[in-house]
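What the coordinates show
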Protein chains: 2
Amino acid sequence: MRQTAGMPIDAPRTARERARAEITAEILDTARIHLARDGAAALSLRAVARDLGMVSSAVYRYVPNRDALLTMLIIDAYDGLGGAVETSEGAVARTDYLDRFLATCHAVRTWAIAHPQEYALIYGSPVPGYAAPEDTIGPASRVPVVLITIIVDLQSSGRAPRPAPVDAGVAASIAPISDFAGGQVPPDLLLRGMASWSGLFGAVSFELYGHLHNVVAEGTAARTAYFDHQMRRVAEGLGLGSGTVAR
Amino acid sequence: MRQTAGMPIDAPRTARERARAEITAEILDTARIHLARDGAAALSLRAVARDLGMVSSAVYRYVPNRDALLTMLIIDAYDGLGGAVETSEGAVARTDYLDRFLATCHAVRTWAIAHPQEYALIYGSPVPGYAAPEDTIGPASRVPVVLITIIVDLQSSGRAPRPAPVDAGVAASIAPISDFAGGQVPPDLLLRGMASWSGLFGAVSFELYGHLHNVVAEGTAARTAYFDHQMRRVAEGLGLGSGTVAR
DNA sequence: GTCTAATGTGAGCACTGCTCACGAAACAGA
DNA sequence: TCTGTTTCGTGAGCAGTGCTCACATTAGAC
């Protein structure tokens, strides 16, 4: 049976297996600290080894190579973000669709600001030559699933206009996600969900990567007000609005 | 007098100055090739030197360090994208506002797909510890200026609803860009411009960084159809729409 | 108690950015 | 034309990286 993130790790039987799991966890913990402090590009297996008081070649007994360590950290980051978002969104009354959406947006942004290097690791430019392994797609889909669920819920509540017809070519283009959703969700809603997702991602990334420099004032209040306004605009465009963008 | 991108280089007087300019250009050219092939993270001064048949320490006579070389490539990339977008958008009739917007979007995406590493360099996660110098803000603003201009043009044509009133806090948050625009452009329009810019950026980045994997079908046709649809949706949300998102 | 497999060690390879002392060449001023 | 000053190319060297490998040690299985 394969191990997948979120699944509890098999209880180690022997002392050796226990030690192995423990040391692997220590490596991951240390790597996490280094990542948060220095960023993914500067993550060094040798430095992690030094911090743990082991010789550099010893970590290769636990981690096949640097890319594998990064992959673990990527899954970690996806799960961290996904958990934060699910908690935040889950605390809002189910029928307050706009608030659910805004809670999701702000949760993503708050997490990103608190964990900039982790965010950059999962949503920044991929390390060249690095291909995201299949293990990441589960954790990676947690946030978009939340967004699409909000839109689908709004739809089923009957409080939204009927899904708009979508051009056949466009509908065909999203066949993969449509299949993933069991083919039951109208393409228009999936497209809305994706649009909100990429709009949210764009706004957070812009802020985090410094593209709002000389555009939006630097303080926390200004940045939050700007972000909130723009996310309300996105919601509006999705049929999630409360009537007007202005607050 | 300081040299700024876009400004013609002073004609070199002596043979030495001419040689210097030439070798610096060769270094930049080679670095550009390496960037396109291997990505920014793998850009190596030593490798560039090798390609040019010079010893590694010699390039330090022309480029202070690796970061400076990256900065030149960043300015280069901004200008390349800006030029491509301005050309594309400039070819559309001035009064076809939606088409101007879509031309801009598709130009950004086309350039990004053709120059993925350059795109990642300017819109991906910034290299840790690297702060974008002031020289980049001019070239960096070319695309957003195009977008905001479209929206302002539409506004002045009288074919759009009046700019919506904006919450005072939100309006204050965009003081920097508002000042940059001379204080004449209504905040609502600037906010729309920024929203379109970050929506466009989000969509292109998602595709380029592989976040559409298992979501949107892989082929060129599917990806283009999806992108076009989403950009039309963004346009819609901006008041640039032609009436309906469906084509 | 023995045998095998897992684990830790340190040397080593090839690479990186960057510095520095050293000559050689090119320029500028007298 | 001669002299003095910059500028430029060279190669060695430092500190760091990822990763491999032969070797010793140790822990678990039988």
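Residues numbered from 1 in each chain as written. Chains lettered and ligands numbered in written order. Predicted model: local features only at pLDDT ≥ 70, side-chain atom pairs only at ≥ 80, totals over all residues. Heavy atoms only, no water.

Moving on, we get to the relation of the copies chain B and chain A. Of the two same-sequence chains, chain B is brought onto chain A (RMSD 0.0 Å, axial shift 0.0 Å) by a rotation of 180°. Seen this way, the second copy is the image of the first under a two-fold rotation axis. It is Gly202 of chain B whose C-alpha, among those of chain B, lies nearest the rotation axis, at 2.0 Å. The overlap is high: 100% of the interface residues of chain B also sit at the interface in chain A, so the same surface is used on both sides. (Least-squares fit on C-alpha atoms with pLDDT ≥ 70 in both. Contact = heavy atoms within 4.5 Å.)

Take the protein's contact with DNA strand C next. Near DNA strand C lie 22 residues; those nearest to it are Ser57, Arg61 and Tyr62 of chain A together with Leu45 and Arg46 of chain B. Of what DNA strand C places within 4 Å of the protein, 48% of the atoms are sugar or phosphate. Side-chain polar atom of Arg61 of chain A to a base oxygen of DNA strand C: 2.5 Å apart, as the coordinates give it. Leu43 of chain B places a polar main-chain atom, nitrogen or oxygen, 3.5 Å from a phosphate oxygen of DNA strand C. (Near = heavy atom within 4 Å. Polar contact = N/O pair within 3.5 Å; in protein donor to acceptor, adjacent residues only side chain to side chain.)

Turning our attention to unusual backbone geometry. With phi around 70°, Asn214 of chain A is a residue other than glycine that occupies positive phi space. Checked against the element boundaries, Asn214 of chain A lands in the loop between helix H10 (187-208) and helix H11 (220-237). (Helix = DSSP H or I, 4+ residues; strand = E, 2+ residues; numbered from the N terminus.)

Now for the nonpolar core. Within the largest apolar cluster, 70 residues are counted, with the highest numbers of intra-cluster contacts made by Phe101, Leu200 and Leu240 of chain A. With 10 residues, the top contributor of residues to this core is H10 of chain A. Apart from residues lying up to four places away in sequence, Leu240 of chain A is in contact with Tyr97, Leu98, Phe101, Ile150, Ile151, Leu154 and Ala235 of chain A. If you look at the next biggest cluster of nonpolar residues, it comprises 69 residues, including Leu35, Ala120, Ile150 and Val170 of chain B. (Core = buried A, V, L, I, M, F, W, Y, C linked by side-chain atoms within 4.5 Å. Buried < 20%, exposed > 50% of the residue type's maximum accessible area, 1.4 Å probe, protein only.)

The subject of this paragraph is helix H1 (residues 15-38) of chain B. One turn of an α-helix holds 3.6 residues; hence residues three or four places apart share an orientation. Residue and element names in this part refer to chain B. Compared with an ideal rise of 1.5 Å per residue, which puts 24 residues at 34 Å, H1 spans 34 Å between its outermost C-alpha atoms and is within 8% of the ideal. Every buried residue of H1 is listed here: Ile27, Leu28, Thr30, Ala31, His34 and Leu35. For H1, the elements touching its buried residues are helix H2 (45-51), helix H3 (66-90) and helix H5 (116-123). (Expected span 1.5 Å × (residues − 1).)

Moving on, we come to the environment of Ser57 of chain A. Residue and element names in this part refer to chain A. Relative to the elements of secondary structure, Ser57 occurs in the loop between helix H2 (45-52) and helix H3 (66-90). Classification of Ser57 as partly exposed rests on a relative accessible area of 48%. Through-space distance from the C-alpha of Ser57 to that of Arg46 is 8.1 Å; in sequence the pair is 11 residues apart.

Most of helix H5 (residues 116-123) of chain A sits out of view: 6 of its 8 residues are buried. When we look at burial in H5 of chain A, the residues that qualify are Glu118, Tyr119, Ala120, Leu121, Ile122 and Tyr123 of chain A.

Turning our eyes to something else, we now look at the protein's contact with DNA strand D. Lining the immediate surroundings of DNA strand D are 23 residues, of which Leu45 and Arg46 of chain A together with Ser57, Arg61 and Tyr62 of chain B lie closest. At a separation of 2.7 Å, a phosphate oxygen of DNA strand D approaches a polar backbone atom of Leu45 of chain A. Its residues assigned to classes, the surface near DNA strand D shows 8 nonpolar, 6 polar and 9 charged. (Nonpolar A, V, L, I, M, F, W, Y, C, P; charged D, E, K, R; others polar.)

The values reported here are purely geometric and, on their own, carry no functional implication.
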